[in-house]
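# Breakdown of the fold
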Amino acid sequence: FPKPLVAAVNGHAIAGGCILACCADFRVMARGNGRIGVTELLVGLPFPALAFEIMRFVTGPRSLAETIYTGATYPPQEAAERGLVHEAVEPAELLERAVAAAQMLAQIGPVTFPQTKKQMRLPVTERMKRDGKKIAAETTKIWCSPKAIASIGAYVERTLKK
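A short tour of the structure in this document, coming up. Nothing here was measured: the structure is a model prediction, and the numbers come from that model. All residue numbers refer to positions counted from 1 along the written sequence of the respective chain. Totals for whole chains, interfaces and linings use all residues, but because this is a predicted model, local features are given only for residues with pLDDT of at least 70 and pairs of side-chain atoms are given and counted only at 80 or more. Water and hydrogen atoms were dropped before computing side-chain values, which therefore reflect all heavy atoms in the structure.

## Thoughts on the overall build of the protein
- In DSSP terms, a helix is any run of H or I states spanning at least four residues, a strand is any run of E spanning at least two, and both are numbered starting from the N terminus. A tally of regular secondary structure across the protein gives 8 helices and 6 strands.
- Secondary structure elements in the protein, listed N-terminal to C-terminal, are β-β-α-β-β-α-α-β-α-β-α-α-α-α.
- Here the globule rule reads 2.2 Å times residues to the power 0.38, and the radius of gyration is calculated from C-alpha atoms. A compact globule built from 162 residues would reach a C-alpha radius of gyration of about 15 Å, and the protein, at 17 Å, matches this within 12%.
- Taking the principal axes of the C-alpha coordinates as reference, the protein spans close to 50 × 40 × 25 Å.

What follows is the structure, encoded as structure tokens:
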């Protein structure tokens, strides 16, 4: 998406919700009980190629392995330290801060922003072109297996008991 995109996270963003939030160019999360993180490996599932690349892009090399391998979910301030969000703000300030971030990004020229965004994401694009289809095929096979389906059910059951 070539235009600026801002996410205002007002609660939990787990697994796919985290991936979706991390697609944004700027992410603001409300302080409180909400947590953000990717739990796929805890469920026993590998990352789809694009989801992995999104996480690589936002966390950078410093936090990628810990974020992926542990399946930990982080409160807002820790999430900011790991790159999952840019800012943690008080809940009453969330929308105002997200709008301010959108206005700031909107000030960047309509030709300049998309070009810069494209350049920032170029390594992701190149890896997806080179390896995406192969990884997607392998991952889909695993995700659709009876073992994976059972693992997902067991994880949901364990999580709901907490």
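## Considerations on the nonpolar core
- Grouped together as the largest cluster of nonpolar side chains are 22 residues, with contacts concentrated most on Ile-36, Met-55 and Leu-84.
- Contributions of two or more residues to this core are made by strand 1 (6-9), helix 1 (16-22) and helix 3 (49-70).
- Filtering out sequence-adjacent residues up to four positions away, Met-55 remains in contact with Cys-18, Ile-19, Cys-22, Val-38, Phe-47, Gly-60, Leu-64, Thr-67, Ile-68 and Leu-84.
- For the purposes of this section, nonpolar cores are sets of buried Ala, Val, Leu, Ile, Met, Phe, Trp, Tyr and Cys residues that join through side-chain atoms within 4.5 Å. Think of it in three bands: with a 1.4 Å probe and only protein chains considered, a residue is buried below 20% of the maximum accessible area for its type, exposed above 50%, and partly exposed in between. Counting residues in each nonpolar core, the second largest holds 8 residues, with Ala-30, Val-89, Leu-94 and Phe-113 among its members. Whether two residues touch is decided by their heavy atoms; if any such pair falls within 4.5 Å, the residues are in contact.

## So, the environment of Lys-117
- Along the chain, Lys-117 falls in helix 6 (residues 112-120).
- A C-alpha to C-alpha distance of 8.7 Å links Lys-117 and Pro-4, two positions 113 residues apart in sequence.
- In this structure, Lys-117 is in contact with Phe-1, Pro-2, Lys-3 and Asp-25, ignoring residues within four places of it in sequence.
- Polar contacts, as used here, are pairs of N or O atoms within 3.5 Å; protein pairs need one atom able to donate a hydrogen and one able to accept it. Residues neighboring in sequence count only if both atoms are side-chain atoms. From its side chain, Lys-117 meets the backbone oxygen of Phe-1 in a polar contact 2.6 Å long.

## Here's the deal with the sheet that holds strand 3 (residues 26-30)
- What the 3 strands build is an open sheet, ordered 1-3-6; its pairing is parallel. The strands lining the two open edges of the sheet, one partner per strand, are strand 1 and strand 6 (87-89). The sheet shows a mean angle of 20 degrees between the axes of neighbouring strands, direction not considered.
- When strand 3 meets strand 6, the two strands line up parallel, connected through 3 bridges. Here, a strand pair is defined by DSSP locating no fewer than two bridges between the strands. Here an axis means a line fitted to C-alpha atoms, over the contact stretch when the element is a helix, while the angle between two N-to-C directions is reported on a 0 to 180 degree scale.

## Notes on the side chain of Thr-139
- Tracing the sequence through the fold places Thr-139 in helix 7 (residues 122-143).
- What makes Thr-139 buried here is its relative accessible area of 7%.
- Beyond its immediate chain neighbours, meaning those up to four positions away, Thr-139 contacts Pro-46, Phe-47 and Pro-48.

## Brief notes about the pairing of strand 3
- Here strand 3 lies mainly inside the structure; 5 of its 5 residues are buried.
- Of the two faces of strand 3, the one lined by Phe-26, Val-28 and Ala-30 and the one lined by Arg-27 and Met-29 are each fully buried.
- The pairing of strand 1 with strand 3 spans 4 bridges and is parallel. Looking at the pairing, Val-9 lines up with Met-29 of strand 3.

## Regarding unusual backbone geometry
- The backbone of Ala-15 shows a phi angle near 55 degrees, a positive value even though the residue is not glycine.
- Relative to the helices and strands, Ala-15 resides in the loop between strand 2 (13-14) and helix 1.
- Ala-15 gets classed as buried once you look at its relative accessible area, which sits at 18%.

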